[in-house]
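Breakdown of the fold
Take a look at the letters that make up each chain.
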Amino acid sequence: VQLQASGGGLVQAGGSLRLSCAASGRPFSINAMGWYRQAPGKQRELVASITGGGSTNYAGSVKGRFTISRDNAKNTMYLQMNNLEPEDTGVYYCNGQFTSWSRRQYDTWGQGTQVTVSS
């Protein structure tokens, strides 16, 4: 399975972006998925995650501004980002946890998409 992230760009503070992460291939199941970001000079951090059943979890800094969702029929995860702040600038990566048809569990990272928020 491969993950393809898209939707990043340059936006002014207060603006919105919607990121997408599409999974190719046909695993037995797609379990939890999540969005991470890495700002220059900082470690990668979890932004939001969603379980296979749809339960969500958010970093405190984005709670109330970002919404994670998934469309299981399309094997795609989304991150709606509203009221963006310059501190949200970074490369956003998607991660997925999968179970193969041989019941092996593994995770995969997407290639990252740049989000830049200007003040």
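It should be emphasised that the depicted structure is a prediction, and the values quoted were computed from it without experimental measurement.

On to the overall build of the protein. When helices and strands are tallied, the protein shows 0 helices and 11 strands. Written out in order from the N terminus, the α and β elements of the protein read β-β-β-β-β-β-β-β-β-β-β. Against the 2.2 N^0.38 benchmark of 14 Å for 119 residues, the protein shows a C-alpha radius of gyration of 14 Å, consistent with a compact globule. Across its three principal directions, the C-alpha atoms of the protein cover 50 × 25 × 20 Å. The proportion of buried residues among the 119 residues of the protein is 41%. By sequence separation, contacts in the protein at least 24 residues apart represent 54% of the contacts at least 6 residues apart. Element-wise, carbon and sulfur atoms account for 46% of the exposed surface of the protein, whose accessible area totals about 6300 Å². Of the charged side chains in the protein, 11 are positive and 6 negative; the average position of the first set lies 10 Å away from that of the second.

With that settled, the discussion passes to the nonpolar core. Counting 28 residues, the largest nonpolar core has Trp 35, Leu 79, Met 81 and Tyr 92 as the members making the most contacts within it. Secondary-structure elements contributing two or more residues to this core are strand S1 (2-6), strand S3 (17-24), strand S4 (29-38), strand S5 (45-50), strand S7 (66-71), strand S8 (76-81), strand S9 (90-99) and strand S11 (113-118). Tallying contributions element by element places S3 first for this core, with 4 residues.

Attention now goes to the side chain of Thr 76. Checked against the element boundaries, Thr 76 lands in strand S8. Of the residues examined, Thr 76 reaches a relative accessible area of 10% and is grouped as buried. Of note is the side chain of Thr 76, whose polar atom sits 2.9 Å from the backbone oxygen of Lys 74. In contact with Thr 76, other than residues within four places in its own chain, are Ser 20, Cys 21, Ala 22, Arg 70 and Asp 71.

Strand pairs in the sheet, formed through backbone hydrogen bonds, run parallel or antiparallel to each other. Ordered by their spatial adjacency, 4 strands build an open sheet running S1-S3-S8-S7, and the pairing between neighbours is antiparallel. The open sheet terminates on both sides in strands that have one partner only, identified here as S1 and S7. For this sheet, the mean inter-axis angle between neighbouring strands, taken without regard to orientation, is 15 degrees. Bridging between S3 and S8 involves 6 bridges; their strand directions are antiparallel. Counterpart to Arg 18 in the pairing with S8 is Gln 80.

So, on to the side chain of Thr 99. Within the fold, Thr 99 resides in strand S9. Among the residues examined, Thr 99 registers a relative accessible area of 8% and is labelled buried.

Definitions and cut-offs
- Residues numbered from 1 in each chain as written.
- Predicted model: local features only at pLDDT ≥ 70, side-chain atom pairs only at ≥ 80, totals over all residues.
- Heavy atoms only, no water.
- Helix = DSSP H or I, 4+ residues; strand = E, 2+ residues; numbered from the N terminus.
- Rg over C-alpha atoms; globule rule 2.2 N^0.38 Å.
- Buried < 20%, exposed > 50% of the residue type's maximum accessible area, 1.4 Å probe, protein only.
- Contact = heavy atoms within 4.5 Å.
- Areas by Shrake-Rupley, 256 points an atom, 1.4 Å probe, with all protein chains shown as cover.
- Lys, Arg positive; Asp, Glu negative; His and termini not counted.
- Charge placed at Lys NZ, Arg CZ, Asp CG, Glu CD.
- Core = buried A, V, L, I, M, F, W, Y, C linked by side-chain atoms within 4.5 Å.
- Polar contact = N/O pair within 3.5 Å; in protein donor to acceptor, adjacent residues only side chain to side chain.
- Pairing = 2+ DSSP bridges.
- Axes fitted to C-alpha atoms, helices over the stretch in contact; angles between N-to-C directions.

Purely geometric numbers; function is a separate question.
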